[in-house]
Amino acid sequence: MPKSHGEEVALIDDNQDSLKEFIHIKGARTNNLKNVELRIEKNNLIVVTGLSGSGKSTLIMDTLYAEGQRRYVESLSSYARQFLDKMKKPEVDFIRGICPAIAIEQRVSSSNSRSTVGSLTEIYDYLRLMFARIGKTYSPISGEEVKKHEVQDVVDYILSFDEEQKVQLFIPFPNKEDRTFLSELDLLLQKGFTRISMSGELIQIEDIISENNPMLSKSCDKIEGGILVLIDRFTCEKSDENKYRISDSVTTAFQEGEGNCIVQILGIEEREFNNRFELDGLIFPEPTPQLFNYNNPYGACQNCEGYGKVLGIDPAKVIPDETLSVYQDAVMAWRGEKGQEWLKDFINCAEELNFPIHKPYNELTEDQVDILWYGKGRWSGINAFFAQLEQGAYKIQNRVMLARYRGKTNCNECKGGRLRKEAQYIKVSGKSISQLIRMSIKELKHYIDDIDIPEFDTKVASRILKELKTRLDIMDSIGLNYLSIDRAANSLSGGETQRINLTRTLGSNLTNSMYILDEPSIGLHPKDTEKLVDVLKNLRDMGNTVIVVEHEEAVINSADFIVDVGPLAGINGGEIVFSGTLDNLKKKAKNSLTADYITHRRNIPLPKIRRPFTNKIEILGAKQHNLKNINVTIPLNAMTVVSGVSGSGKTSLIMHILYPEMKRLLGEASGMNIGKHDKITGDWMQINQVELVNQSPIGKSSRSNPVTYIKAYDAIRKLFAKQQLSKIRGYEAGHFSFNIDGGRCETCNGDGSITVEMQFLADVNLVCEDCNGKRFKKEILEVKYKDKNIFDILELSVDEALEFFSNIKEIATKLQPLADVGLAYVKLGQSSSTLSGGEAQRVKLASFLAKENSSQKMLFIFDEPTTGLHFHDVLKLLDAFNALVENGHTVVIVEHNLDVMKNADWLIDLGPVGGKEGGNLLYQGVPEGIVKVKDSYTAEFLKEKFEN
């Protein structure tokens, strides 16, 4: 449990005992930090807050965590250190008392299409192990369990009869086609076998050979009559000596009979045994963890190679409206003349197949869908219809038809399960592993909690089930129970990825470690933030130091210790404004914007009026993913916020339906799949362009930066080209570009750094030795404007640059929007790769604000734009949104921030929860009206904002 705090922690001399209790940072000077000194008490939940750009991440990530990394590197071999020693050390006098550091950052961790929620959380690894250890294989033909006979099974069977009972043990006669009957008999004699059974009669092998029978010259595979080789004869006596004899004989029978043996209980019955894993004429692979690994060639589906997707016929295009039945022409491909014949055939077969042709497609069972697509009996299926078209692909009309319905779709072999078909035959408590990974976390949790397996299997899998339950409970508690196990990792938001990494970390049960989390509340509704706080406290109670860089009020209010960095951003930040408890922050903090907003001395005011509207866009019949056939109105020339808990359907509605469909309507070929809906109506023709402003990087190149993105660098380069020295030397604007040859450093190609490949370690970026990180040739840097060269200009923050270029309107006008969206602290030449998702999003917003031509009426879609923003920065962001609307544009925001919600002109709330039970339209209208909605969690939290 956390230790109690009184006044702010006093600075005391370090000794061995104090280092066990505190982390002491002294003289931190990285970036804008101003010789900071700080003591952090261990085993507590510490929240570090402050304005964007105040120095929070520099203090925690670039100083504290970087030092932890450096110390780890020093434990490596000298070979690795010869490169890593060149890494830039944090600019700090010392850090003492540091724990092993684990950082969980807010960026999507994998672009690998094989990586899934299950693999990231290790849930799938434990499921693989569970199926390998307690999974039962069932034949697809008879449905019976496949069992492998052991020697003991045969012995137990024989000893189950009366002691006087006589038994004969046989193996099938080898039918080798490369041997004659005579040569095989000779070989059996050499092995010590003396009798065979022909037509039920025991005959001495020597007698058959001596008779010179004509069949002796025949090939073994041509011999008919079911010949058996006698291995041994014995009684069912229960003595130890007889048991050993029976066991040895059965072992010999399995070895010589290639896994087969036949037991004749004389006068009673005959039974076959084999020690191969087979049934119904099929041989099955034995369950192993590799069989369930789609990253392993042994387990992966051969058709899709473990991806689960192939380029084929897209069911969503074949059946675009799942509310229709087959009889109502749900199958779009059958609406033509040729398709009608297939439809009539299917309707004629329907009674025989017991298929409900009048039931909507989305209400069909999994087996009924399989019948429709894959066929059964004399019905060959929709896939056969397209296969027929493929055969006639020489006809242009067939090729056009196929192209219309082609897309990225589930593999026909594994049906999206990624594994070879044999893996689907193995089940635990009636479910295959492919069925489990399609479940949501919530459904899988119920399955594991209620799993029905024999007592022996329960003992075998007890540890596996415990680990699964731990991880599923954590996923549920941090608001991710709507995700499915097979959800691709590269489709997750930064916040979801971070919380999934937190699940893996918590599942490992580490103690005495330092966890650093960068805004884990991203993408969380206030309802889910409460659960996140409980998880963080649990991590602390395990004996860890939990440091969270965060702006969310609920997380700040739950902290044991608060560090406020500021007072402002950039050069006006970099100081510790306050460190201590929440009570002391409220009572004693001075010059703290965080304290002002927490105590409500400052707040984000309600708008004086809500903008009325007459023009609107309407989305009708939205059914994508969990959306429940809803109709949504979006007013034009207004600010609309879409809210709801995580997984309620916000992304499906806006990113999967509104954005791609508007692109299509406006004639922009995006190549994106459009989510299921009836249509978009209304005044959409008044929109000229649609822009999605998300958190993706502003450029793929390391040379991409804010000043080039907002087109201000062009004017700066022209300014330098006009300088007297440039004219004398013949320098043009291109010489001051680090993207083309001419003035840039040719060693690093204008990057300012060189990447060293480390083989078994991550690549290391080192400062270029030729230009010393300044990106340009020495002679180019000799050109100056107001005593600053081009590199000095790129090192200026936006605030500093505004002051420096105050007399040059062309440059200042283009830079001003960066300050307006809360990025005044960002350096002009800062690499885009170092910008957070939220910062990249605001750079994009600034680029649109900088455009003077507003004759184009645009629809802007923002995905959680408050990511990484302090309360004070949210106020600036709202001003930027309002500026866009005042310029005649329409703004739609997917957001959880309550201050943004209350400032909207129009609020759309989805829910009530995430996953299958979500997707309902709970409310749409002005924000004040939602407080009367009973089932809305948004209403519950937003009500307080209207009361304050």
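For the structure itself, look to the data block above.
I will try to describe carefully the structure that is included in this document. These numbers were taken from a predicted model, which means no experiment stands behind them.

1. Quick word on the overall build of the chain
Counting its secondary structure elements, the chain contains 35 helices and 33 strands. Projecting the C-alpha coordinates of the chain onto the three principal axes gives extents of approximately 120 × 80 × 65 Å. Within the chain, the proportion of its 948 residues that are buried is 52%. Sequence separation of at least 24 residues holds for 70% of the intrachain contacts in the chain that already meet a minimum separation of 6. Summing over all exposed atoms, the chain offers an accessible surface of approximately 43,800 Å²; the carbon and sulfur share of this is 46%. One finds the centroid of the 116 positive side-chain charges in the chain at a distance of 7 Å from the centroid of its 132 negative side-chain charges.

2. Regarding the nonpolar core
In terms of nonpolar packing, the biggest core is built from 90 residues, with Ile 716, Phe 805 and Leu 815 touching the most fellow members. Per element, the largest residue contribution to this core is eight residues, and it comes from helix H33 (residues 871-886). Ignoring sequence-local partners within four residues, the contact set of Leu 815 consists of Val 707, Ile 710, Ala 712, Val 798, Ala 801, Leu 802, Phe 805 and Leu 828. Counting 55 residues, the second largest nonpolar core, distinct from the first, contains Phe 292, Ile 426, Leu 444 and Ile 474.

3. Notes on the state of the cysteines
Tallying each qualifying case throughout the model produces zero disulfides. Take Cys 236: it sits in no disulfide, and the sulfur closest to it among the cysteines is that of Cys 261, at 14 Å. By relative accessible area, which is 0% here, Cys 236 ends up buried. Cysteine Cys 768 remains unbridged, with the sulfur of Cys 771 as its closest cysteine sulfur at 3.7 Å.

4. Here's the deal with the sheet that holds strand E8 (residues 195-198)
Pairing in this open sheet of six strands is antiparallel, and the strands run E9-E8-E10-E7-E11-E12 from one edge to the other. This sheet does not close on itself; its edge strands, each paired only once, are strand E9 (201-204) and strand E12 (269-274). Mean inter-strand twist for the sheet, computed between neighbouring axes without regard to direction, equals 35°. Two elements, strand E7 (residues 166-172) and strand E11 (residues 260-265), share four bridges in a ladder whose sense is antiparallel. Each residue of the ladder has a partner; that of Leu 169, found in E11, is Val 263. Across the sheet, helix H6 (residues 151-158) is in contact with E7, strand E10 (228-235), E11 and E12; its angle to E11 comes to roughly 5°.

5. So, helix H35 (residues 937-947)
Those residues of H35 lying buried are Thr 938, Ala 939, Phe 941, Leu 942 and Lys 945. Taken together, the buried residues of H35 touch helix H21 (526-541), helix H22 (553-557), strand E25 (639-643), helix H34 (898-902) and strand E32 (906-911). N-cap assignment for H35: the residue whose side-chain oxygen lies 3.2 Å from the backbone N of Thr 938 is Ser 936.

6. Quick notes on H6
For H6, the full list of buried residues reads Val 154, Val 155, Tyr 157 and Ile 158. Down the axis of H6, the sector holding all buried residues measures 160°, keeping them to one side. In this fold, the buried residues of H6 make contact with E7, E10, helix H9 (240-256), E11 and E12.

7. Some words on the packing of H6 against H9
In contact at an axis separation of 9 Å, H6 and H9 are set at 130° when each is read in the N-to-C sense. With respect to each other, H6 and H9 are oriented oblique. Remark: the crossing between H6 and H9 carries right-handed chirality. Where H6 abuts H9, its residues Val 151, Val 154, Val 155 and Ile 158 lie against Ile 246, Ser 247, Val 250, Thr 251 and Phe 254. Partitioning the contact of H6 with H9 into residue classes produces seven nonpolar, two polar and no charged.

8. Examining the pattern of salt bridges
A complete count under the given rule lists 39 salt bridges for this structure. Between Glu 184 and Arg 179 there is a salt bridge whose closest N-O contact spans 2.9 Å. Put simply, Glu 422 and Arg 420 hold a salt bridge, and the shortest N to O gap is 3.1 Å. Judged on exposure class, the residue Glu 422 and its partner Arg 420 are both buried.

Cut-offs applied
Throughout, residues of each chain are indexed from 1 in the direction in which the sequence is written. Selection of residues for local features in this predicted model requires a pLDDT of at least 70, selection of side-chain atom pairs for listing and counting requires 80 or more, and totals for whole chains, interfaces and linings are taken over all residues. Side-chain numbers come from the whole structure's heavy atoms, not from hydrogens or water. Here a helix means four or more residues in a row that DSSP labels H or I, a strand means two or more in a row labelled E, and each is numbered from the N terminus. Under the scheme applied here, a residue whose accessible area is under 20% of the maximum for its type counts as buried, over 50% as exposed, and between as partly exposed, the area being computed with a 1.4 Å probe on protein chains only. A contact between two residues is defined here by any heavy atoms of the two lying within 4.5 Å. A 1.4 Å probe and the Shrake-Rupley method give the accessible areas. Residues count as covered only by the protein chains that appear here. Counting rule applied: Lys, Arg positive; Asp, Glu negative; His and chain ends not counted. Think of each charge as sitting on NZ of Lys, CZ of Arg, CG of Asp or CD of Glu. Residues belong to one nonpolar core when they are buried, are Ala, Val, Leu, Ile, Met, Phe, Trp, Tyr or Cys, and are joined through side-chain atoms within 4.5 Å. In plain terms, two cysteine sulfur atoms within 2.5 Å form what is called a disulfide here. Strand pairing follows a simple DSSP-based rule, namely that at least 2 bridges must link the two strands. Note on geometry: axes are C-alpha line fits, over the in-contact stretch for helices, and angles between N-to-C directions span 0 to 180 degrees. In protein, a polar contact means a hydrogen-donor-capable atom and an acceptor-capable atom, both N or O and within 3.5 Å, with residues adjacent in sequence counting only if both atoms are side-chain atoms; elsewhere, any N or O pair within 3.5 Å suffices. To be clear, the arc concerns the directions from the helix axis to the C-beta atoms. Working rule for angles: under 35 degrees goes down as roughly parallel, over 145 as roughly antiparallel, 65 to 115 as roughly perpendicular, anything else as oblique. Note on convention: near helix rotated counterclockwise from far helix by under a right angle means a left-handed crossing. Clockwise means right-handed. Nonpolar residues are Ala, Val, Leu, Ile, Met, Phe, Trp, Tyr, Cys and Pro. Charged residues are Asp, Glu, Lys and Arg, and all others, Gly as well, are polar. We define a salt bridge as a side-chain nitrogen of Lys or Arg found within 4 Å of a carboxyl oxygen belonging to Asp or Glu.

Nothing here speaks to function; it is geometry throughout.
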